[in-house]
Amino acid sequence: MAMPVGAHAKDDGARALERLAACTADHPKWRIKVEEFLVLSHFDPAYFPLMKELALNEECDKHFNGMIHFSPSAFRDTLYTAWAKASPDTEKLMASQMQMFADCLVGSETESARAFIASSEGDVAESEALAPLASAMPHCLVEGATLELTKTSLRAVLTSTLALSSAADRQQELKANDDA
């Protein structure tokens, strides 16, 4: 059966991204920056500049010349997979998984995350806020992740991620006002 041209091109792009990610994650010059990147929230102002630096690094991008097209989430997921295969430090792996998890929850259940943070441990509001978060959790877990999640750890990572998200929203509002 012949593969449609679009699917073939997409497959070649995915394989190219996998090769770029594997090279970057394994390269001695970039390994530390990969670890730094993977524990950043995508709401962090340093996230996109570091992603661009990693994606266009001359040691690994020389074969692609910046011509691989990918979404930021595809790059992060592919880079994470390549990095995780290299058996990184368990603590760094858990931190990366937890941040990706929190980014997803804040992105998909912002109001529930805010309600959970605003609630007190053990009260009804906490339980009400946890229900939608719990339903989003399976979707937000990185494949193969084994998070040791407690209400305290969830509250901590959501608090910091929501703060970054709010700061990013304020920056966008200021930029929109400046542009207007």
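How each quantity is defined
Residues numbered from 1 in each chain as written. Predicted model: local features only at pLDDT ≥ 70, side-chain atom pairs only at ≥ 80, totals over all residues. Heavy atoms only, no water. Helix = DSSP H or I, 4+ residues; strand = E, 2+ residues; numbered from the N terminus. Buried < 20%, exposed > 50% of the residue type's maximum accessible area, 1.4 Å probe, protein only. Phe/Tyr/Trp six-rings, centres within 6.5 Å; stacked < 30°, edge-to-face > 60°. Lys NZ or Arg CZ within 6 Å of the ring centre and 35° of its normal. Axes fitted to C-alpha atoms, helices over the stretch in contact; angles between N-to-C directions. Left-handed = near helix turned anticlockwise from the far one by under 90°. Contact = heavy atoms within 4.5 Å. Nonpolar A, V, L, I, M, F, W, Y, C, P; charged D, E, K, R; others polar.

Draft legend 1. Quick peek at the environment of Ala 14. Mapping Ala 14 onto the fold places it in helix 1 (residues 5-26). Under the relative-accessibility criterion, Ala 14 is labelled partly exposed at 36%. Expressed as a C-alpha distance, the spacing of Ala 14 and Thr 78, which sit 64 residues apart in the sequence, is 9.0 Å.

Draft legend 2. Up close: the packing of aromatic side chains. Counted according to the given criterion, the structure contains 5 aromatic pairs. For the ring pair Phe 37 and Tyr 47, a centre distance of 4.7 Å and an interplane angle of 25° mean the geometry is stacked. Of this pair, Phe 37 sits in helix 2 (residues 31-38) while Tyr 47 sits in helix 3 (residues 47-55), and the two are 10 residues apart along the sequence. No difference in accessibility class separates Phe 37 from Tyr 47, as the two residues are buried. Each residue in the set Phe 37, Tyr 47, Phe 48, Phe 70 and Phe 75 is aromatic and connected to the rest through ring pairs, giving one cluster. Above the face of the Phe 116 ring, Arg 155 is positioned so that its terminal group lies 4.3 Å from the ring centre.

Draft legend 3. Structural detail: the packing of helix 6 (residues 90-108) against helix 9 (residues 151-179). Interaxial distance between helix 6 and helix 9 falls to 9 Å at its minimum, and their mutual angle equals 60°. Note that helix 6 runs across helix 9; the crossing there is right-handed. Judged by residue contacts, Met 98, Gln 99, Phe 101, Ala 102, Asp 103, Leu 105 and Val 106 of helix 6 engage Ser 153, Leu 154, Val 157, Leu 158, Thr 161, Leu 162 and Ser 165 from helix 9. Grouping the amino acids of the contact of helix 6 with helix 9 by side-chain chemistry returns 9 nonpolar, 4 polar and 1 charged.

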